[in-house]
Amino acid sequence: MFLGGMLPFLFSALTMDSVGKAANQMIDEVRRQFRNEPGILKGEVKPDYKKCVGISTNAALKEMVLPGILAIVVPLATGFLLGPAALGGMLCGALVCGVMLAIFMANSGGAWDNAKKYIEEGHDGGKGSESHKASVVGDTVGDPFKDTSGPSINILIKLMTIVSLVFAPLIIKVCANGNAVQGFLVQWFNKIF
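Residues numbered from 1 in each chain as written. Predicted model: local features only at pLDDT ≥ 70, side-chain atom pairs only at ≥ 80, totals over all residues. Heavy atoms only, no water.

A. Just a nonpolar patch on the surface, in detail. On the surface, a nonpolar cluster with roughly 530 Å² of combined accessible area is contributed by Ile162, Leu165, Val166, Phe167, Leu170 and Val174. With respect to the secondary-structure elements, Leu170 resides in helix α6 (residues 130-176). (Patch = residues over 30% accessible without salt bridge, like charges linked within 9 Å, V, L, I, M, F, W, Y side chains within 5 Å. Areas by Shrake-Rupley, 256 points an atom, 1.4 Å probe, with all protein chains shown as cover. Salt bridge = Lys/Arg side-chain N within 4 Å of Asp/Glu carboxyl O. Helix = DSSP H or I, 4+ residues; strand = E, 2+ residues; numbered from the N terminus.)

B. Just helix α3 (residues 49-62), in detail. Here α3 contains 14 residues, and its C-alpha end-to-end distance of 20 Å stays within 8% of the 20 Å for a straight helix at 1.5 Å per residue. Along α3, the residues that are buried comprise Cys52, Ile55 and Ala59. Buried residues of α3, seen end-on, are gathered within an arc of 55° and therefore sit on one face of the element. Residues of α3 that are exposed and angled more than 90 degrees away from the buried face: Tyr49, Lys50, Val53, Asn58 and Leu61. (Expected span 1.5 Å × (residues − 1). Buried < 20%, exposed > 50% of the residue type's maximum accessible area, 1.4 Å probe, protein only. Arc of directions from axis to C-beta.)

C. Representation of the confidence of the model for the protein. Looking at the protein, pLDDT values average 90 and 94% of them are 70 or higher. Taken element by element, the protein is modelled with least confidence in helix α7 (residues 180-192), mean pLDDT 69, and with most confidence in helix α5 (residues 84-120), mean pLDDT 94. (pLDDT = per-residue confidence, 0-100.)

D. Structural detail: the packing of helix α1 (residues 2-36) against helix α4 (residues 65-82). Interhelical geometry of α1 versus α4 gives an angle of 165° and a closest axis separation of 10 Å. As far as their axial angle goes, α4 and α1 are roughly antiparallel. Between α1 and α4 lies a crossing of right-handed hand. On α4, the residues touching Leu3, Leu7, Leu10, Phe11, Leu14 and Thr15 of α1 are Leu66, Pro67, Leu70, Val74 and Thr78. (Axes fitted to C-alpha atoms, helices over the stretch in contact; angles between N-to-C directions. Parallel < 35°, antiparallel > 145°, perpendicular 65-115°, else oblique. Left-handed = near helix turned anticlockwise from the far one by under 90°. Contact = heavy atoms within 4.5 Å.)

E. Summary view of the packing of α4 against α5. Packing of α4 against α5 brings their axes to within 6 Å, and their N-to-C directions diverge by 145°. Only Pro84, Ala86, Leu87 and Met90 of α5 make contact with α4, whose side of the interface consists of Val74, Pro75, Thr78, Gly79 and Leu82. Of the residues that constitute the contact of α4 with α5, the class distribution is seven nonpolar, two polar and no charged. (Nonpolar A, V, L, I, M, F, W, Y, C, P; charged D, E, K, R; others polar.)

Set out below in structure tokens:
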């Protein structure tokens with residue numbers, strides 16, 4: 001359960017990092033275009049939108065490889081190395097922590113977004129105030145919370161569950177025949193505790 005409870009947090013950290021990397025690539029490209037084509041700011045030249053869309057598309061695909069592999073490899077490794085009971089515990093831990101983390105991320109991301117909009121309406125100093133600067137920072141974190149990491153935890157839970165169900169017969173068969181690694185880990189755990 002501890003291993004499963006840890007996975008949504010690791011997965012969310014990876015997806016948040018991916019959003020940051022993609023955003024930095026986009027910023028670099030926009031700055032490059034402004035630097036190389038001064039006419040863009042004057043409205044005389046159209047920006048290269050395709051380049052920015054390509055950066056976003058490539059980053060979305062490339063940056064999700066590691067989280068995707070994590071969602072497939074961890075249930076398989078847990079099942080084959082620790083056995084079916086440990087796999088069930090891992091899935092329970094991921095479900096309990098994942099659902100709570102997804103709800104938290106959706107709500108807090110929305111709250112940060114709404115706080116910025118509230119301040120921009122003129123409350124607490126309005127645009128340009130210290131409150132507004134702080135709310136922009138909060139919204140920068142809140143957008144990936146509510147738009148990327150929170151919703152993707154649902155996919156993590158579903159993918160781990162499907163992988164576990166597909167490989168469950170093989171995991172049971174391997175563990176029924178005696179798994180040397182599983183036996184070693186159980187003995188090691190019993191010696192420690």
